[in-house]
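Working through the structure, step by step
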Amino acid sequence: MPAYIITYFGVRGRCETMRMLLADQGQEWKENVVPFDVWMKGDLKATCVFGQLPKFEDGNFTLYQSNAILRYLARAHGLYGKDDKQAALIDMMNDSCEDFRLKYARMIYQDYENGKAKYIEDLPGDLSKFEKILSDNKGGFLVGDQISYADYHLLDLLLIHQVLSPGCVDSFPALKSYAERLSARPKIKAFLESEAHKSRPINGNGKQ
Ligand code: GTB
């Protein structure tokens, strides 16, 4: 049985980044899918340190908070740059990914009907920051010349935004080729083509 266990709702949500990271690193993991009606009974919630999922287990070690989980996996699998300065830059990139994810999640969960059009109108402003970072860094990744945990986070964001707004990266050549190149890494490609990934809704409320 794999040592890693992801306990989460049956959606991509905050876990698809760590799933892509694990798949690309050739790791196996077990999914413990929690139906929302089971969650609403409150027993599992009461055991979660912050009352939320995802929960991540590595043997008898348990972690909460999706970004802490990503950093734990980054340390374990060499996805944290080559020195402390690169690690700090990678954290900075991931924090920006987190800001972007929160903005997206607020629109999806709280303002989809009224806010989607404006969100899409403003999207080039968000994407252009990452476009500049990628076109300035000739190493092919957010930081340096090797993949980091923040790259999986950005890839997930680019994939879900292309569902929200098809063609949204077409006017950003660096982002477009980055998303295509990362998606074509053999283990990521296999993951993205898997039924497990394709059948998982992006969000918990059916909006995408
Ligand atoms: N900062 C935390 C992290 O990064 O891990 C945020 C975790 C978080 O927001 N967890 C949400 C949660 O546990 C799930 S992600 N919500 C339940 C609660 O607070 O009681 C968003 C989400 C919402 C709903 C579904 N769903 O219905 O399937 C899926 C995902």
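To start, this report covers the structure provided alongside it.

Looking now at the packing of helix α1 (residues 16–24) against helix α9 (residues 186–193). Contact geometry of α1 with α9 gives a least axis separation of 8 Å together with a crossing angle of 130 degrees. When the axes of α1 and α9 are compared, the pair comes out oblique. Relative to α9, α1 is oriented so that their crossing is right-handed. Taken together, the residues of α9 that come into contact with α1 (itself represented by E16, R19, M20, A23 and D24) are K187, I188, F191 and L192. When grouped by side-chain class, the residues that make up the contact of α1 with α9 number five nonpolar, no polar and four charged.

As defined by bridge partners, strand β1 (residues 4–8) adjoins strand β2 (residues 29–33) across five bridges and the pair is classed as parallel. Each bridged residue has a counterpart across the sheet, and for I6 the counterpart in β2 is E31. Since β1 and β2 lie parallel, the crossover through α1 that links them has a hand, and here it is right-handed.

Per the counting criterion, the structure on display carries nine aromatic pairs. The interplanar angle of 50 degrees and the centroid separation of 6.4 Å between the aromatic rings of W29 and F191 together place this pair among those described as tilted. Of this pair, W29 sits in strand β2 while F191 sits in helix α9; the two residues are 162 residues apart in sequence, bridging distant segments of the chain. For F191, a relative accessible area of 7% puts it in the buried group. An aromatic cluster is present here, built from Y8, F9, F36 and W39 joined pairwise through their rings. Above the ring of F141, the side-chain terminus of R181 is found at 5.4 Å from the ring centroid.

If you look at the biggest cluster of nonpolar residues, it comprises 63 residues, and the most contacted ones within it are F56, L127, L142, L154 and L175. Element by element, the count of residues in this core is highest for helix α7 (residues 149–164), at nine residues. Per-domain counts for this core show at least three residues from each of domain 1 (4–78 + 190–199) and domain 2 (84–185). With residues near it in sequence (within four places) discarded, L127 still touches F100, L158, C168, V169, F172 and L175.

About the cut-offs
- Residues numbered from 1 in each chain as written.
- Predicted model: local features only at pLDDT ≥ 70, side-chain atom pairs only at ≥ 80, totals over all residues.
- Heavy atoms only, no water.
- Axes fitted to C-alpha atoms, helices over the stretch in contact; angles between N-to-C directions.
- Helix = DSSP H or I, 4+ residues; strand = E, 2+ residues; numbered from the N terminus.
- Parallel < 35°, antiparallel > 145°, perpendicular 65-115°, else oblique.
- Left-handed = near helix turned anticlockwise from the far one by under 90°.
- Contact = heavy atoms within 4.5 Å.
- Nonpolar A, V, L, I, M, F, W, Y, C, P; charged D, E, K, R; others polar.
- Pairing = 2+ DSSP bridges.
- Right-handed = clockwise from strand over helix to strand, strands pointing away.
- Phe/Tyr/Trp six-rings, centres within 6.5 Å; stacked < 30°, edge-to-face > 60°.
- Buried < 20%, exposed > 50% of the residue type's maximum accessible area, 1.4 Å probe, protein only.
- Lys NZ or Arg CZ within 6 Å of the ring centre and 35° of its normal.
- Core = buried A, V, L, I, M, F, W, Y, C linked by side-chain atoms within 4.5 Å.
- Domains from an automatic or database assignment.

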